[in-house]
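# Close look at the chain arrangement
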Amino acid sequence: MPYYLGIDGGGTKTTCAVGDASHLLAIATTGPSNIVRVGESQARQSLQKSVRQACAAAGIAPAQVSHTCVGGSGAARPELAEIIRRFLAEILSTPIDVVGDMQIALEAAFDAGPGVIVIAGTGSIAYGRNGQGTTIRAGGWGFAIGDEGSAHWIGRAAVSAVLRAADLTSRPPENRASSSFAAALCKAWGVTSLADLARAANSVPPPDFAALFPAVTASSDDLATQVLTNAGTELARVAAIVIHRLFAKDQTASVPVAITGGVFRHAPLVRQVFYNELRALDSRTEVNPQVVEPVEGALRMARRAAAKDDAAQ
């Protein structure tokens, strides 16, 4: 019996799914595998560990896998795709396809049909396909200059917000955090003062702003609420760009939209604001409130590629 692997490699975690021709057999999750963010050594370890754990859970050996599809942020770039393929080829001897994370997410949400997927995880991007097969992306330009609404963007915006608020008030002795929200951000980074928070934020290499995301979502502070509201608005604007460019010729048909990523999964306020803002920007949108699992798209693409190879033989 043939077996297939689908892998979703991100900046926070790596998920590997094992399936046969029609069923999902097992899933394993390991650490991050975005080469740009964590480096080649960590990426190699996470990818190989995810494969070994998923195969073990399914009761098969990696040698029994017929085809693999990997989707990851920036992974479609030829130089990164080749590195990922080389890492996996150390434990897999059959074909390995490497594509972008937006491609497996779109596949998971709409199969081969039209629609727009909005990803908000460590980074963010919107990607869509119309009925003619044309694809367009918006956003996803990286954490230093874009990725609006992502966990990284939210963390950075949160630090900026608490420091700006401190400037507007009389600073406490020794510049200690003057609110529970500021204190939560400091705790997440292991610092004790706003001055140290600022130094950490401006350090080189840049800190992990996405690590602050849980503290933002857990807070009821008005600043945290505003940051999450802004994130939902930014994600809706990016989605609206793709919708306008892909579906401008048809102003009557509904446009299916799906969401994926940890920000949407763990921040209900972001989901709600995103939905309301996108509907206000384009009333044709029909948003699926369920958060899509991109690894399912990767597994589906692995099966399809294997079938195509078999047909060509």
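Residues numbered from 1 in each chain as written. Predicted model: local features only at pLDDT ≥ 70, side-chain atom pairs only at ≥ 80, totals over all residues. Heavy atoms only, no water.

### Describing the layout of surface pockets
Where we set the bar: Think of a 1 Å grid over the protein atoms and nothing else: a 1.4 Å probe that fits but is trapped marks a cavity, an open set flanked by protein within 12 Å on at least five of seven lines marks a pocket, and residues with an atom within 4 Å of a point count as lining. Grid points are joined across faces, edges and corners, and a volume is the space filled by probe spheres set on the points. A run of H or I in DSSP becomes a helix once it reaches four residues, and a run of E becomes a strand once it reaches two; helices and strands are each numbered from the N terminus. Throughout this entry, Asp, Glu, Lys and Arg are counted as charged residues, while Ala, Val, Leu, Ile, Met, Phe, Trp, Tyr, Cys and Pro are counted as nonpolar. The remaining residues, Gly among them, count as polar.
In this structure, the largest pocket occupies an estimated 1,200 Å³ of space. In terms of lining residues, the largest pocket is bounded by 50 residues, among which Gly11, Ser73, Asp101, Thr122 and Gly123 are the most central. Mapped by element, the contributors of at least two residues to the lining of the largest pocket are β1 (3–9), β3 (24–30), α1 (35–58), α3 (101–110), β7 (124–129), α7 (213–218), α9 (262–266) and α11 (294–312). For the lining of the largest pocket, the per-class residue count stands at 17 nonpolar, 23 polar and 10 charged. When grouped by side-chain class, the residues that make up the lining of the second largest pocket number five nonpolar, four polar and two charged.

### A closer look at the confidence of the model for the chain
The cut-off we apply is this: Looking at any residue, its pLDDT shows the predictor's confidence there, from 0 to 100.
The predicted model of the chain has a mean per-residue pLDDT of 89, with 95% of residues at 70 or higher. Of all helices and strands in the chain, the one with the weakest mean pLDDT is α11 (84), whereas α7 scores best (96).

### Points about empty space enclosed by the protein
If you walk through the whole model with that rule in mind, you get two cavities of 30 Å³ or more. The computed volume of the largest cavity comes to approximately 70 Å³. Around the largest cavity, the lining residues are Gly9, Ser33, Asn34, Ile35, Leu47, Val70, Gly71, Gly72, Ser73, Ala75, Leu80 and Ile84. Among the secondary structure elements, those contributing two or more residues to the lining of the largest cavity are α1, β4 (65–72) and α2 (78–89). Of the residues in the lining of the largest cavity, the class split is six nonpolar, six polar and no charged. It is β7 that contributes the most residues to the lining of the second largest cavity, three residues altogether. Looking at side-chain class alone, the lining of the second largest cavity contains five nonpolar, three polar and two charged residues.

### A look at the pattern of salt bridges
Definition in use: Take a side-chain nitrogen of Lys or Arg and a carboxyl oxygen of Asp or Glu: if they are within 4 Å of each other, that pair is a salt bridge.
Tallied over the entire structure, the rule returns 11 salt bridges. Here Arg237 and Glu234 are joined by a salt bridge, their closest N and O atoms 3.7 Å apart. In this pair, Arg237 and Glu234 both sit in helix α8 (residues 222–247), three residues apart, roughly one turn of the helix. For the salt bridge of Glu293 with Arg265, the shortest nitrogen-to-oxygen distance reads 3.0 Å. Separated by 28 residues along the polypeptide, Glu293 in the loop between β10 (285–291) and α11 and Arg265 in helix α9 bring together distant segments of the chain.

### Things to note about the sheet that holds β3
Convention followed: For two strands to be treated as a pair, DSSP must find no fewer than two bridges joining them. Angles run from 0 to 180 degrees between N-to-C directions of axes, and those axes are lines fitted to C-alpha atoms, restricted for helices to the stretch in contact.
Overall, mixed pairing links the five strands, which are arranged β3-β2-β1-β4-β5 in an open sheet. Edge strands, defined here as strands with exactly one partner in the open sheet, are β3 and β5 (96–100). Across the sheet, the mean angle from the axis of one strand to that of its neighbour is 15°, orientation sign disregarded. Pairing of β4 with β5 involves five bridges; the strand directions are parallel.

### Here's the deal with the sheet that holds strand β8 (residues 135–138)
Threshold: Any two residues having at least one pair of non-hydrogen atoms within 4.5 Å are treated as being in contact.
Taken in spatial order, the five strands line up as β8-β7-β6-β9-β10 in an open sheet, and their pairing is mixed. Every other strand in the sheet has two partners, leaving β8 and β10 as the edge strands with one partner each. On average, each strand axis in the sheet is inclined to that of its neighbour by 20°, with strand direction left out of account. In the packing of α3 onto the sheet, the strands contacted are β6 (115–120), β7, β8 and β9 (255–260), and the crossing angle to β6 comes to about 125°. Sitting on the sheet, helix α10 (residues 268–281) touches β6, β9 and β10, and the angle it makes with β10 is about 170°.

### Comments concerning α10
To be explicit about the condition: By definition here, a helix of n residues has an expected span of 1.5 Å times n minus one. Remark: exposure states derive from per-residue accessible area (1.4 Å probe, protein chains only) relative to the maximum for the residue type, with buried under 20%, exposed over 50%, and partly exposed in between. Read the arc as the range of directions from the helix axis to the C-beta atoms.
Over its 14 residues, α10 extends 20 Å from the first C-alpha to the last, a length consistent with the 20 Å expected when each residue adds 1.5 Å. Listed in full, the buried residues belonging to α10 are Val270, Val273, Phe274 and Leu278. When α10 is viewed along its axis, its buried side chains cluster within an angular range of 125° and face the same direction. With respect to the buried face of α10, the exposed residues turned more than 90 degrees away are Pro268 and Ala280. Against the buried residues of α10 lie β6, α8, β9, α9 and β10.

### Describing the packing of aromatic side chains
Formally: Under the pairing criterion, centres of Phe, Tyr and Trp rings, with the six-membered ring standing for Trp, must be within 6.5 Å; the plane angle then separates stacked pairs below 30 degrees from edge-to-face pairs above 60, leaving the rest tilted.
The tally for this structure, following the rule as stated, stands at two aromatic pairs. Judged by centre distance (5.2 Å) and plane angle (65°), the ring pair of Phe264 and Phe274 falls under edge-to-face. With a gap of 10 residues between them, Phe264 in helix α9 and Phe274 in helix α10 connect regions that are remote in the sequence. When sorted by exposure, Phe264 lands in the same class as Phe274, which is buried.

### Details of the environment of Ala267
Looking at where Ala267 falls in the secondary structure, it is placed in the loop between α9 and α10. With residues up to four places along the chain from it excluded, the contact list for Ala267 reads Phe213 and Thr217.

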